[in-house]
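# Survey of secondary and tertiary structure
Single-letter residue listing:
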Amino acid sequence: MKYKEENLVASISGSKEAFSNLYEEIYQDLYKMAFYLCGNSSEAEDLVSETVLDAYKGIGKLKVVDKFEAWILKILSNKAKRKFRYHYNSFTVANPLAKDIEEVEMASEDFSEKTLTQQEILETLATIKPIDRLIISLCVIEGRSSREVGEILSMNASSVRSRLNRSLKRMKNEMEGSRYE
């Protein structure tokens, strides 16, 4: 996530304009993560809006500037868990390598044209527990370290690594098993 530290510091001090600038800088990253979590653009927009509103209300309580990214992603992931609890098992990742919002949305619309391997990955990913999907999305798709993910999800870094390895191994075994059926 790229943002100007001076906007963050001014936001913590109460500057509405600085928070607005900060929001513009981080919106796309928040949207991509929300879209990965829910697979729907309108729900992703709602999720980002709710996250930003909570962040605006609580940014004055942020004590360590370096923890901003983990803090806001934790808000987003908690919102997603609560909001989509009833259909959280329909997690999709249309295009984890997309650079901007348009690519993410286009990939979602073009899902029927995906290769069999990509479709297998998505179907297999849907069988993984929601918390493990979130760990996979943060570690593999977003490229975050186990320490960062642990901070976001309030878990030990070693627990994150264990869950990630088990989930990826389970997915691999399931995909290899389905190829021979």
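Residues numbered from 1 in each chain as written. Predicted model: local features only at pLDDT ≥ 70, side-chain atom pairs only at ≥ 80, totals over all residues. Heavy atoms only, no water.

### Some remarks on the packing of aromatic side chains
Any pair of aromatic rings gets described here by the distance separating the centres and the angle formed by the planes. For the coordinates displayed, the defined rule picks out five aromatic pairs. Taking the centre distance of 5.1 Å and the plane angle of 75° together, the rings of Tyr3 and Phe68 count as edge-to-face. With Tyr3 in the segment before α1 (5–12) and Phe68 in helix α4 (residues 68–83), the pair connects residues that are 65 residues apart, well separated along the chain. Measuring from centroid to centroid gives 6.0 Å for Tyr27 and Tyr31, while their planes differ by 25°, and the two rings are stacked. Taken together, the residues span about one helical turn, with Tyr27 and Tyr31 both in helix α2 (residues 16–38) at a distance of four residues. (Phe/Tyr/Trp six-rings, centres within 6.5 Å; stacked < 30°, edge-to-face > 60°. Helix = DSSP H or I, 4+ residues; strand = E, 2+ residues; numbered from the N terminus.)

### Comments concerning the packing of α2 against helix α3 (residues 41–58)
Here α2 crosses α3 at 140°, and the two axes come no closer than 8 Å. In terms of orientation, α2 and α3 fall into the oblique class. The chirality of how α2 crosses α3 is right-handed. Facing α2, whose interface residues are Lys16, Phe19, Tyr23, Tyr27, Leu30, Tyr31, Ala34, Phe35 and Cys38, α3 presents Ser41, Glu43, Ala44, Glu45, Leu47, Val48, Val52, Ala55 and Tyr56. When grouped by side-chain class, the residues that make up the contact of α2 with α3 number 14 nonpolar, one polar and three charged. (Axes fitted to C-alpha atoms, helices over the stretch in contact; angles between N-to-C directions. Parallel < 35°, antiparallel > 145°, perpendicular 65-115°, else oblique. Left-handed = near helix turned anticlockwise from the far one by under 90°. Contact = heavy atoms within 4.5 Å. Nonpolar A, V, L, I, M, F, W, Y, C, P; charged D, E, K, R; others polar.)

### With respect to α2
Largest kink in α2: about 50°, centred on Ile26. Between a side-chain oxygen at the N-terminus of α2 and the backbone nitrogen of Ala18 the separation is 3.1 Å; the capping residue is Ser15. (Bend = angle between axes of the 7 residues up to and from the residue. Polar contact = N/O pair within 3.5 Å; in protein donor to acceptor, adjacent residues only side chain to side chain.)

### Digging into the packing of α3 against α4
The N-to-C vectors of α3 and α4 enclose an angle of 130°; their axes lie 9 Å apart at closest approach. Here α3 is positioned oblique relative to α4, judged by the angle of their axes. Classified by chirality, the crossing of α4 by α3 is right-handed. Here Glu43, Asp46, Leu47, Glu50, Thr51, Asp54, Ala55 and Gly58 of α3 come into contact with α4, specifically with Trp71, Ile72, Ile75, Leu76, Lys79, Ala80 and Lys83.

### Comments concerning the pattern of salt bridges
Across all of its chains, the model carries five salt bridges by this definition. Across the pair Lys79 and Asp54 runs a salt bridge, and its minimum N-O distance is 2.7 Å. On the criterion of sequence distance, the pair formed by Lys79 in helix α4 and Asp54 in helix α3 is long-range, its members being 25 residues apart. Take Lys79: its relative accessible area is 14%, and that puts it in the buried class. Relative accessible area serves as the criterion here: at 29%, Asp54 is assigned to the partly exposed category. With a closest N to O distance of 2.5 Å, Glu69 and Arg144 form a salt bridge. Of this pair, Glu69 sits in helix α4 while Arg144 sits in the loop between α7 (130–141) and α8 (146–153), and the two are 75 residues apart along the sequence. With a relative accessible area of 18%, Glu69 lands in the buried category. Taken together, the shared-partner salt bridges in this structure form one network comprising Lys67, Arg147 and Glu151. (Salt bridge = Lys/Arg side-chain N within 4 Å of Asp/Glu carboxyl O. Buried < 20%, exposed > 50% of the residue type's maximum accessible area, 1.4 Å probe, protein only.)

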